[in-house]
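For reference, the chains in residue letters:
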Amino acid sequence: MRSASAEPDTGTRARIRDAAVLRFAKSGFGASVRSIAAEAGVSPALVIHHFGSKDELHAACDEHVLAWIVETKRQNMGKAARGQLLEVLAQADDMAPLVGYVLRSLQAGGSVGRTFVEHMIDDAEQYTAEAVADGIVRPSRDERARVRYLVYSSLGALMLSVTMNPPEDPEDVNAAVRAFTDDLYLPMLEMFTEGFLTTRRMLDDYLLYVSDPPGTGGEAEDTDGTAA
């Protein structure tokens, strides 16, 4: 079986792949090769010529979206630190089909959904480590656990938002992503930047009763920035 990445993703192949990402995001992974071909403006035979099968096309889309996630997150961390957050939010429409694809992968469940999330956690651990090294993000006592929580909570919040407030047009992924960012970006950034609790008492109580607490990732601080 030919690997999904055996050929460089340029020209017609890339156009078909991008069309498949959009069609899968709109209609789910049950979308037919014919509908993907129509989205790309090519024949179904040409889709099979470039990818071999719908499963291999799906795999190529997974690979492409995972690579996009890594690069976008890295870029956005830096932009936010340089005060360019509005530029990041302005890109939401461009990112919407890719975000929609992620949601479809999670909703599909099974090995694809699990693998997708684990890849996201692996990638997030890398770019979070870079952000910690750059002084953008505080270190954690258990970085892997913190990253897993952040991935679960961000994807869960997005999925719940789309489920509770679906767009009028089920294929309008952009509307669903816009509604999510409009409603939740402010409280999310407020929580990340300013915190929620006014003291660290709950954390201290928890650490007292953990049989083998993880090592600290750096001296903890109170909300006023002084060392605890």
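Residues numbered from 1 in each chain as written. Predicted model: local features only at pLDDT ≥ 70, side-chain atom pairs only at ≥ 80, totals over all residues. Heavy atoms only, no water.

For the protein, an unreviewed UniProt entry supplies the name TetR/AcrR family transcriptional regulator and the organism Isoptericola luteus.

I would appreciate a short explanation of helix α2 (residues 33-40) in the present structure.
One turn of the α-helix equals 3.6 residues, which is why residues spaced by three or four share an orientation. Looking only at α2, the buried set comprises V33, I36, A37 and A40. Buried residues in α2, looked at end-on, bunch into an arc of 100 degrees, giving them a common side. Structural note: α2 exposes R34 and A38 on the side pointing more than 90 degrees away from its buried face. Immediately beyond the C-terminal end of α2, within one or two residues, lies G41, with a positive phi of roughly 75 degrees. (Buried < 20%, exposed > 50% of the residue type's maximum accessible area, 1.4 Å probe, protein only. Helix = DSSP H or I, 4+ residues; strand = E, 2+ residues; numbered from the N terminus. Arc of directions from axis to C-beta.)

What's the story with the layout of surface pockets in this structure? I'm lost.
Quantified by volume, the second largest pocket comes out at close to 200 Å³. Around the second largest pocket, the lining comprises 13 residues; the ones closest to its centre are A25, R104, V162, P170 and V173. For the lining of the second largest pocket, the secondary-structure elements that each account for two or more residues are α6 (92-108) and α9 (173-194). It is α6 that provides the largest number of residues to the lining of the second largest pocket, a total of 4 residues. Of the residues contributing to the lining of the second largest pocket, the split by class is 9 nonpolar, 2 polar and 2 charged. (1 Å grid on protein atoms, 1.4 Å probe; cavity = no way out; pocket = protein on both sides within 12 Å on 5 of 7 lines; lining within 4 Å. Points joined across faces, edges and corners; volume = space filled by probe spheres on them. Nonpolar A, V, L, I, M, F, W, Y, C, P; charged D, E, K, R; others polar.)

What am I meant to see in the nonpolar core here?
Where a protein is soluble and globular, its nonpolar side chains tend to be buried together. Counting 45 residues, the largest nonpolar core has F24, L57, V65, Y101, V102, F116 and V151 as the members making the most contacts within it. It is α6 that contributes the most residues to this core, 8 residues altogether. Setting aside its immediate chain neighbours within four residues, V65 contacts V21, L98, Y101, V102 and F116. (Core = buried A, V, L, I, M, F, W, Y, C linked by side-chain atoms within 4.5 Å. Contact = heavy atoms within 4.5 Å.)

Please explain the side chain of R23 as it appears in this structure.
With respect to the helices and strands, R23 occurs in helix α1 (residues 11-27). Looking at R23, the relative accessible area reads 12%, which means it is buried.

Please explain the packing of α2 against helix α3 (residues 44-51) as it appears in this structure.
One can describe the packing of α2 onto α3 by two numbers: an axis separation of 8 Å at closest approach and a directional angle of 100 degrees. As the angle between them shows, α2 and α3 are arranged roughly perpendicular. Contacts between α2 and α3 involve V33, R34 and A37 on the former and, on the latter, P44, V47 and I48. Of the residues assigned to the contact of α2 with α3, the class counts are 5 nonpolar, no polar and 1 charged. (Axes fitted to C-alpha atoms, helices over the stretch in contact; angles between N-to-C directions. Parallel < 35°, antiparallel > 145°, perpendicular 65-115°, else oblique.)

Hey, could you run me through the packing of aromatic side chains in this one?
The relation between two aromatic rings is expressed through the spacing of the ring centres and the mutual angle of the planes. Applying the stated criterion to the full structure yields 3 aromatic pairs. For the ring pair F24 and Y101, a centre distance of 6.3 Å and an interplane angle of 55 degrees mean the geometry is tilted. Remark: Y101 occurs in helix α6 and F24 occurs in helix α1; sequence separation between them is 77 residues. In this structure, F24 and Y101 share a single accessibility class: buried. In this structure an aromatic cluster arises from ring pairing among F24, F29 and Y101. (Phe/Tyr/Trp six-rings, centres within 6.5 Å; stacked < 30°, edge-to-face > 60°.)

Please clarify how the side chain of D62 should be interpreted in this entry.
Here D62 shows up in helix α4 (residues 54-81). No salt bridge is formed by the buried D62, whose closest oppositely charged neighbour, R17, lies at an N-O distance of 11 Å. (Lys, Arg positive; Asp, Glu negative; His and termini not counted. Salt bridge = Lys/Arg side-chain N within 4 Å of Asp/Glu carboxyl O.)

Is there a simple way to think about the pattern of salt bridges in this case?
Pairing between side chains of opposite charge can happen when their charged atoms approach one another. Per the counting criterion, the structure on display carries 8 salt bridges. Between E118 and R144 there is a salt bridge, and its shortest N-O distance comes to 3.7 Å. Here R144 lies in helix α8 (residues 143-164) and E118 lies in helix α7 (residues 110-133), a separation of 26 residues in the sequence. Classification of E118 by relative accessible area gives partly exposed; the value is 30%.

I tried to follow the confidence of the model for the protein on my own but got confused; where do I start?
Fine structural detail should not be taken from predicted coordinates in areas where pLDDT scores are low. Summarising the model, the protein shows a mean pLDDT of 82, and 81% of its residues fall at 70 or more. This model gives residues 1-7 a pLDDT under 50, and the stretch forms 17 contacts once residues within four places in sequence are excluded. Across residues 223-228 the pLDDT falls below 50, and counting only partners more than four positions away or on other chains, this stretch makes 12 contacts in the model. (pLDDT = per-residue confidence, 0-100.)

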